[in-house]
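The residues making up each chain are set out below.
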Amino acid sequence: MAVKDDLRTPIVCVMGHVDHGKTSLLDNIRGSAVVSGEAGAITQHIGATEVPIRSIVDKCGNPGLLDQFVVPGLLFIDTPGHHAFTTLRSRGGALADLAIVIVDINEGFKPQTIESLHILKQHKTPFVVVANKIDKIHGWNPQKDSPFMASYNKQSEHVRTSLDNKFYEVIGELYNHGFSSDRYDRVADFQHNIGVIPISAITGEGIPDLLMVLLGLAQRFLESNLHYDATGPGVGTVLEVKEERGLGTTIDLILYDGTLKKGDTIVVGSLDEPIQTKVRAVLKPRVLSEINVEDKFKQVSKVTAAIGVKISAPNLDGALSGGSVRVATPETLETVVEEVRSEVEAVQIDTDQSGITIKADTIGSLEALVNELKKEDIPIRKADVGDISNRDIVEVSAIEDPFHSVIVGFNVNILPDAKEKLRSTGVKLFMNDVIYRLIDDYKDWIKEQRA
Ligand code: GTP
Ligand code: MG
């Protein structure tokens, strides 16, 4: 077997709680040092990194493996929290093919770990769990880049016991949240049992095992889904809308199907009319480099899925994070505009006569929030993307029912003038970056008010 041309690169989302090691893990995989260059080692923006199969196989330490795998590589998406996962969606579901949920083995589960698991379950996305930072276990004897078992066998008995105890706590937590799991080398069927891999993103221990499991998953469960038409029109999702010096407003996007060329007409999702524009430049980060820190983009004439690219084009102001980007021809333009419009409207319009007001950072996270609120039978008057504005406060303050004079903001900020306004109104505001926290806080508040 060898790499097949008609298979696109699987998209792997790395999810987990703040500081549990997402960026460090990818850093180790690509052998660079993004973490050390980041302000406060916090991922400020969304990034995508393409790792070719050859680099992955090298990392596994067994070049013979190259013949066993048919995927061209893996495209890793690293984000704060679970932002990318809720952003990256295609019609009818989330876009990631696979996910890694990372948990600090010494800290255990945190709210965003649990939320990540819920999102993955809802979308039926195959995933593995990594128990990170094993090198921090007291007395650990590091074995750089070693497969997990080789490293484990070199540890003293009490270190092994300590690891086993922490590890089984992770397995126990997964069980409590409805997932049956086991250490990856004991899992026969990864679809019914979650594989958990102990690793260190710093020493590289366990990372060969993780990559092997990921490739195995991609191969076994996804090959049939990864066939694509490289010559078809490009389809992607906007990760971020950014101002770039000399380029004006640009969009970072993940292209997940087809081809995108310089000069193509594209339709981009917006809260107003879909944007129709022409691609001025396709800017590609170098392979093995990180789209955020790489400011020397390479101009290319075309790209094929799956890939993270930056696009420069006129009129991109108002492009929507999490919205679609679709290539159109004169013949398809009308249909494509309609498709993009209905994708945005599907989330915005489906609201009740009266209810609370919600705001989220992307169209995808808004959808996730709407879904969760509906499960709880909490009515929504208005659902919108963006920071909480003065206008939101004014509108909501006019609502008489105190239980509905409420704004729930997920992953958004409150603008300064809105903050000012809030003080002089009776509007109740909830903000958080964990959906179920928001819902619990709202429900607790309702209970309190009724008591
Ligand atoms: P956010 O992007 O802020 O959500 O965090 P993150 O999940 O990307 O975590 P990051 O990779 O930035 O790691 C947070 C801190 O933990 C950094 O100081 C890393 O050096 C440290 N760290 C990550 N993985 C390991 C590990 O395996 N071992 C040890 N000892 N430290 C680690
Ligand atoms: Mg990070």
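Rules used in this analysis
- Residues numbered from 1 in each chain as written.
- Chains lettered and ligands numbered in written order.
- Predicted model: local features only at pLDDT ≥ 70, side-chain atom pairs only at ≥ 80, totals over all residues.
- UniProt positions renumbered as here; feature names shortened; annotations may be inferred.
- Helix = DSSP H or I, 4+ residues; strand = E, 2+ residues; numbered from the N terminus.
- Buried ≥ 20, exposed ≤ 12 C-beta atoms within 10 Å, placed from the backbone.
- Contact = placed C-beta atoms within 7 Å.
- Pairing = 2+ DSSP bridges.
- Axes fitted to C-alpha atoms, helices over the stretch in contact; angles between N-to-C directions.
- Core = buried A, V, L, I, M, F, W, Y, C linked by C-beta atoms within 7 Å.

- Going by what an unreviewed UniProt entry lists, the protein is known as Probable translation initiation factor IF-2 and is assigned to Methanococcoides vulcani.
- In the Function (unreviewed entry) part of its UniProt record, the protein is described as follows: "Function in general translation initiation by promoting the binding of the formylmethionine-tRNA to ribosomes. Seems to function along with eIF-2."
- The Sequence similarities (unreviewed entry) field of the UniProt record for the protein holds the comment "Belongs to the TRAFAC class translation factor GTPase superfamily. Classic translation factor GTPase family. IF-2 subfamily."

With respect to the overall build of the protein
At step 1: Counting its secondary structure elements, the protein contains 13 helices and 23 strands.
At step 2: The buried share of the protein, taken over its 451 residues, is 46%.
At step 3: In the protein, the share of contacts with a sequence separation of at least 24, taken over all contacts with a separation of at least 6, comes to 72%.

Concerning unusual backbone geometry
At step 1: Note that the residue after Ala 305, namely Ala 306, is joined by a cis bond; omega there is -10°.
At step 2: You can see Ala 306 is positioned in the loop between β17 (302–304) and β18 (307–312).
At step 3: In this model, Asp 377 sits at a positive phi of 60°, which is unusual for a non-glycine residue.
At step 4: Locating Asp 377 in the fold gives a position in the loop between α10 (363–375) and β21 (380–385).

Here we look at the sheet that holds strand β22 (residues 406–410)
Sheet strands line up and pair through hydrogen bonds in the backbone, either parallel or antiparallel.
At step 1: The sheet built from four strands is open, its strands ordered β21-β20-β22-β23 with parallel pairing. Whereas interior strands pair on both sides, the edge strands pair on one side only; in this sheet they are β21 and β23 (428–432). Recorded for the sheet is a direction-independent mean angle of 15° between the axes of neighbouring strands.
At step 2: Across five bridges, the pairing between β22 and β23 is parallel. The residue of β23 that forms the bridge with Val 406 is Lys 428.
At step 3: Sitting on the sheet, α10 touches β20 (356–360), β21 and β22, and the angle it makes with β21 is about 160°.

Here we look at the nonpolar core
At step 1: Formed by 118 residues in total, the largest nonpolar core has its most connected members in Val 12 and Leu 214.
At step 2: The element that contributes the greatest number of residues to this core is helix α8 (residues 207–222), accounting for nine residues.
At step 3: If near-sequence neighbours (up to four positions away) are discounted, Leu 214 is found in contact with Val 12, Leu 74, Leu 98 and Val 128.

Focus: the sheet that holds strand β10 (residues 235–244)
At step 1: Taking strand neighbours across the sheet as the criterion, the eight strands line up as β14-β13-β19-β10-β11-β18-β15-β16 in an open arrangement whose pairing is antiparallel. Pairing within the sheet leaves two strands with one partner each, and these edge strands are β14 (275–278) and β16 (298–300). Here the average twist between neighbouring strands, direction ignored, is 40°.
At step 2: Judged from the six bridges that link them, strand β11 (residues 248–257) and β18 form a sheet pairing that is antiparallel. Bridge assignment links Asp 252 to a residue of β18, and that residue is Lys 310.

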